[in-house]
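Observations on the three-dimensional arrangement
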Amino acid sequence: MDGKLGKHIVRFVPLLLLFGLLGLPLLLLVFQWLTGANGAGLLSFINGDTFALIGNSLLISSTVAVLATFMGTVCGFWLYKFKLAYCGLYKLLLLLPLLISPYIFAVAWKDGFYWLFGNSSSIYSEYGVIMVHTFAFFPLAMLITGSALSRIHTGFEEAGLMVVSFRKTVLKIMLPLIRPALTISFLLILIFSLSDFSVPAFFGVRTFTAEIFTQFSALYNFSLATGQSILLLIVIFALMLIEAHYLSDAPFFSISEKGTNSKQYTVKRPFAAHLVLCMLLILVLLTPVFMLALQSLSGRVFFFAKAWELIRPASIQSLKLASAGALLVTLIGLWSAYVKERKKHRWPDFILLLTFIVPPTVLGIALIRYYNLPSLNFIYGTSMIILIAWLGKFGFIASRIIGNGIKQIPVSFEEAASVIGIRPIDRFFKISLPLLVPSIFTAFVLAFILCLGELGATMMVYPPGMELMPVKTFTIGANAPQALTSSMTLISLAITLLSITLFFILGKWVFKKYRYA
Amino acid sequence: MHKITFEHIAHYYGEKETLNDFSISFERGKTTCLLGPSGCGKTTLLRLIAGLEKPSNGVVKIEGTIVSRKKEIIVPPHKRKIGFIFQDLALWPHFNVYQNIAFGLKEKKQKNIKSKVAGLLDLFGIGDKARKYPHELSGGQKQMVAVARSLAVQPEILLMDEPLANIDTHLKENILQHLRTIQHERQFTLLYVTHDHREAMKIADYILVMDRGKIVAAGTKEEIRCSSIEFVKSFLNN
């Protein structure tokens, strides 16, 4: 009886806590919308302009999703299916845009257009948003499709090559086999693009998410912002329902190649392949960095010292909070993944999936409306509310990465321990956990980098007196000289890249120590 | 009293039926081979005995005590005094050979662990591999370690799920010889899953032939060899 009670406590108390922290705020948002219309009708805010705005947002995001998925799939194919020198380095460098806030690229490309064409007015359009989002999100498609391509069994491809050409094998065998990965990539990028307000807001393009942000933060029209948030939620859920099953099991990426038996092809013209990949790197990574550096140095006043003075306290606070956020996200992700994979208990993962696909602006509004009570001020008025927002945004990613790691540990490892009398807690700590170190490390690093650059939800919920790097850069950009904004953005980028480099070095040691062939 | 008894056991994986109204007893200290084609329920039967699966219906008894019944595990796996050698061996990759074998002994806070492990390693001729990790061993050595690990905790029942598939006959003979010696000394009950009838004929006291979750035939080696049941004849001839 005691054992059963203990099991139920372990199972349900964290679930209730997670639901209370993240699920209830979203439910409350819907409840407030349903009860707060004052007889004016729940959908009274919907008019021609609303539809035009949603249509425009969907058009931009769909274009981004198509372009980024295509670009990512091509890169994934080249880097995962061909034997190419420095393949790992290309993968790492092409992954970087995903880890850097799209807002940084927006600032950089604005500078780039000014430098290249003499004025930057042409980037202040839907095309600018599409370009920046495509370059920022294509690595996601590269990871997902590349991972799927590397899991195709050699036999399937070789059987195809026996009867048709390589080109037809790709089109008729490989692409149909990775259809779920292509769909997931498309959907995730569509949702990410639809959710981001920072780039459209920076380029002055009206999108639905940017409109919600404006209504809530600038015009204080809470009821309209809530209604619009619900509408956006409905759109996102409708999109998600299409492939909910695939999305809930989306691997993002697998850090181990155990069990893969994938065929790799020889590149006929390696020089051309390197040239294309280098050009892509220049376009998506080096040009923006170069532009930021150039713009930072172009002003009459050298702005670096001023930028550093402004951003230094924010960066220290950001690094500390991102560490705490990553720890929380990883711990909850580990628990959620473990109970899902080993106990077939899917609710924590479902709650994290739900908050993951909710646009950060909407999540921010939900959290503010839920926690803005005197009794909850210890959360609302402190950095805890930011940690909760980050948990909502990135918990699902950590859960999937660790879940992949758990899937690769045969159940028989734990069963063998169970049969010889090892207690469940010891089985977890002495058998499963040591084998999961690489996955946990990867989840932590990714969560850290994402928390460090998160703007959407942080912008909505950050409490007074708290200065965080992306928020500081975004807010100061509205009134400061361009060179100062660029300098601050460049420093933010440098801090992010430095963190990635340090983790990469540490990761090499971790993977070497905890890799069991 | 029989060591293990199944009474009207049924088992489902989702919608798929793996065992159907299955009743049988296994004698203490004897070797029983479970013989049958892939997917006939042999592994499920072992997992039910080990307490790694719950029966959908019926009762599992060990020494007359109910250990599992309909959708319920009454005695957890580690209290059943069982050794289990898995098909994939399940050697923990982050432990070396010594640690793999000693792990269960340490958790049970047994004395003289070093000498017990050393004795087993010597018995199987892998004394020099104590500090090696599983990925540094050959297939046969891994199998030796798996057997040694399961014997270390001195089980009263040893369950072997086709652990000696894919190794050469000489090595298989060697391992089985060691196993028989230890079984003779310790008198544990051995249940050995295989789809190779020649192997079964060599080591079994009793043979249980299964097909699609049901017992087709059960008896001594001679009884099975002379069986007039069409499925048994066909299986043995193939």
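Residues numbered from 1 in each chain as written. Chains lettered and ligands numbered in written order. Predicted model: local features only at pLDDT ≥ 70, side-chain atom pairs only at ≥ 80, totals over all residues.

When helices and strands are tallied, chain B shows eight helices and eleven strands. For 238 residues, the compact-globule estimate of 2.2 N^0.38 gives 18 Å, and the C-alpha radius of gyration of chain B, at 18 Å, lies within 12% of that figure. Buried residues in chain B amount to 44% of all 238 residues. Partitioning the contacts of chain B with sequence separation of at least 6, the portion at a separation of at least 24 is 66%. (Helix = DSSP H or I, 4+ residues; strand = E, 2+ residues; numbered from the N terminus. Rg over C-alpha atoms; globule rule 2.2 N^0.38 Å. Buried ≥ 20, exposed ≤ 12 C-beta atoms within 10 Å, placed from the backbone. Contact = placed C-beta atoms within 7 Å.)

Each helix and strand counted, chain A has 23 helices and two strands in total. Taken against the 2.2 N^0.38 rule, which gives 24 Å for 517 residues, the C-alpha radius of gyration of chain A at 23 Å falls within 12% of a compact globule. Each of the three principal axes of chain A carries a C-alpha extent, and together these read 65 × 65 × 45 Å. The buried share among the 517 residues of chain A stands at 45%. Here the contacts in chain A between residues at least 6 apart in sequence split such that 83% fall between residues at least 24 apart.

All right, on to the sheet that holds strand β1 (residues 4-13) of chain B then. Residue and element names in this part refer to chain B. Spatially, β2-β1-β4-β5-β6 is the arrangement adopted by the five strands of the open sheet, whose pairing is antiparallel. The sheet is open, and its two borders are formed by β2 (16-26) and β6 (72-73), each paired with just one other strand. Strand contacts of helix α1 (residues 42-50): β1, β2, β4 (57-62) and β5 (65-69), with the helix running at about 115 degrees to β1, the strand carrying the most contacts. (Pairing = 2+ DSSP bridges. Axes fitted to C-alpha atoms, helices over the stretch in contact; angles between N-to-C directions.)

Residues and elements named next belong to chain B. With five of its six residues buried, strand β10 (residues 206-211) lies for the most part within the structure. As paired elements, strand β3 (residues 31-35) and β10 share four bridges and run parallel to each other. Bridging across to β10, Thr32 finds its partner in Tyr206. One ladder, built from six bridges, connects β10 with strand β11 (residues 214-220); its direction is antiparallel. Bridged to Ile207 within β11 is Gly219.

Our next topic: the domain arrangement of chain B. Residues and elements named next belong to chain B. By domain assignment, chain B separates into domain 1 (1-81 + 155-238) and domain 2 (87-154). A C-alpha centroid distance of 24 Å is found between domain 1 and domain 2. Where the side of domain 1 that touches domain 2 is concerned, the elements lending two or more residues are β8 (157-161) and α5 (169-186). The biggest single contributor to the side of domain 1 that touches domain 2 is α5, with six residues. When its residues are assigned to classes, the side of domain 1 that touches domain 2 shows nine nonpolar, two polar and three charged. (Domains from an automatic or database assignment. Nonpolar A, V, L, I, M, F, W, Y, C, P; charged D, E, K, R; others polar.)

What follows is about the packing of helix α22 (residues 469-476) of chain A against helix α23 (residues 482-513) of chain A. Residues and elements named next belong to chain A. It is the contact of α22 with α23, at a shortest axis distance of 9 Å, that shows an interaxial angle of 165 degrees. The orientation of α22 with respect to α23, classified from their angle, is roughly antiparallel. By crossing handedness, the relation of α22 to α23 is classed as left-handed. Taking contact as the criterion, the partners of Met469, Pro470, Thr473 and Ile476 in α22 are, on α23, Thr485, Met488, Thr489 and Ser492. (Parallel < 35°, antiparallel > 145°, perpendicular 65-115°, else oblique. Left-handed = near helix turned anticlockwise from the far one by under 90°.)

Attention shifts here to the nonpolar core. The tendency in soluble globular proteins is for nonpolar side chains to be buried as a group. Ranked by size, the top nonpolar core spans 139 residues in total, and within it A:Ile189 and A:Ala447 carry the most contacts. Looking at this core, the element that brings in the most residues is helix α5 (residues 126-150) of chain A, giving 15 residues. Leave out the neighbours within four places in its chain, and A:Ile189 touches A:Val64, A:Ala65, A:Ala68, A:Thr69, A:Phe137, A:Leu140 and A:Ala141. Grouped together as the second largest cluster of nonpolar side chains are 74 residues, B:Ala50, B:Leu121, B:Ala146 and B:Leu208 included. (Core = buried A, V, L, I, M, F, W, Y, C linked by C-beta atoms within 7 Å.)

For an α-helix, the turn length of 3.6 residues means that residues three or four places apart are oriented alike. All names here are of chain B. All of the buried residues along helix α2 (residues 97-107) are Val97, Asn100, Ile101, Ala102, Phe103, Gly104 and Leu105. Where α2 is buried, its residues touch α3 (113-123) and α4 (139-152). Lys109, located one to two residues past α2, shows a positive phi value of around 55 degrees.

Moving on to the sheet that holds strand β7 (residues 82-85) of chain B. All names here are of chain B. An order of β7-β8-β9-β3-β10-β11 is seen for the six strands of this open sheet, with the pairing classed as mixed. The outermost strands of the open sheet, each flanked by one partner alone, are β7 and β11. Taking the axes of each pair of neighbouring strands and ignoring which way they run, one obtains an average angle of 15 degrees across the sheet. When β8 meets strand β9 (residues 189-194), the two strands line up parallel, connected through five bridges. Opposite Leu159, over in β9, you have Leu191 as the bridge partner. Each of β3, β7, β8, β9 and β10 is contacted by α1, which is oriented at about 150 degrees to β8, the strand it contacts most.

For helix α15 (residues 347-357) of chain A, the tally of buried residues reaches eight of eleven residues, placing the bulk of the element in the interior. Of the residues making up α15(A), those classed as buried are A:Pro348, A:Asp349, A:Ile351, A:Leu352, A:Leu353, A:Thr355, A:Phe356 and A:Ile357.

What follows is about the interface of chain A and chain B. Between chain A and chain B, the residue contacts involve 16 residues of the former and 17 residues of the latter. Looking at the side of chain A that touches chain B, the elements with two or more residues in it are α19 (411-419) and α20 (424-453) of chain A. With six residues, α19(A) is the single largest residue contributor to the side of chain A that touches chain B. Of the residues in the side of chain A that touches chain B, the class split is eleven nonpolar, three polar and two charged.

What follows deals with the environment of A:Lys340. All names here are of chain A. Mapped onto the secondary structure, Lys340 falls in helix α14 (residues 304-343). Separated by 63 residues in the primary sequence, Lys340 and Gly403 place their C-alpha atoms 7.9 Å from one another. If near-sequence neighbours (up to four positions away) are discounted, Lys340 is found in contact with His345, Arg346, Asp349 and Gly403.

What follows concerns unusual backbone geometry. Although it is not a glycine, B:Asp21 adopts a positive phi angle of roughly 45 degrees. As for its position among the elements, B:Asp21 is in strand β2.

This next bit is on the environment of A:Val471. Residues and elements named next belong to chain A. With respect to the helices and strands, the residue Val471 is situated in helix α22. As for Val471 and Met459, which are separated by twelve residues in sequence, their C-alpha atoms are 5.9 Å apart. For Val471, the contacting residues outside a window of four places in its chain are Leu455, Thr458, Met459 and Tyr462.

Looking now at the confidence of the model for chain B. When pLDDT is averaged along chain B, the result is 88; 99% of the residues meet or exceed 70. The complex prediction reports pTM at 0.80, with the ipTM value standing at 0.72. (pLDDT = per-residue confidence, 0-100.)

Next up on the list: the pairing of β1(B). All names here are of chain B. The pairing of β1 with β2 spans seven bridges and is classified as antiparallel. Looking across to β2, one finds that Tyr12 is bridged to Glu17. Adjacent in sequence and paired antiparallel, β1 and β2 are bridged by two residues, among which Gly14 carries a positive phi angle near 65 degrees. One ladder, built from five bridges, connects β1 with β4; its direction is antiparallel.

A few words now on the packing of α5(A) against helix α8 (residues 179-195) of chain A. Geometrically, a packed helix pair is captured by the angle between its two axes and the distance between the axes. Residues and elements named next belong to chain A. Close contact between α5 and α8 brings their axes to 9 Å; oriented N to C, the two are set at 155 degrees. In terms of orientation, α5 and α8 fall into the roughly antiparallel class. Regarding α5 and α8, the two cross each other, and that crossing is right-handed. Contacts between α5 and α8 involve His133, Phe137, Leu140, Ala141, Ile144, Thr145 and Ala148 from the former and Ala181, Leu182, Ile184, Ser185, Leu188, Ile189, Phe192 and Ser193 from the latter. Of the residues contributing to the contact of α5 with α8, the split by class is eleven nonpolar, four polar and no charged.

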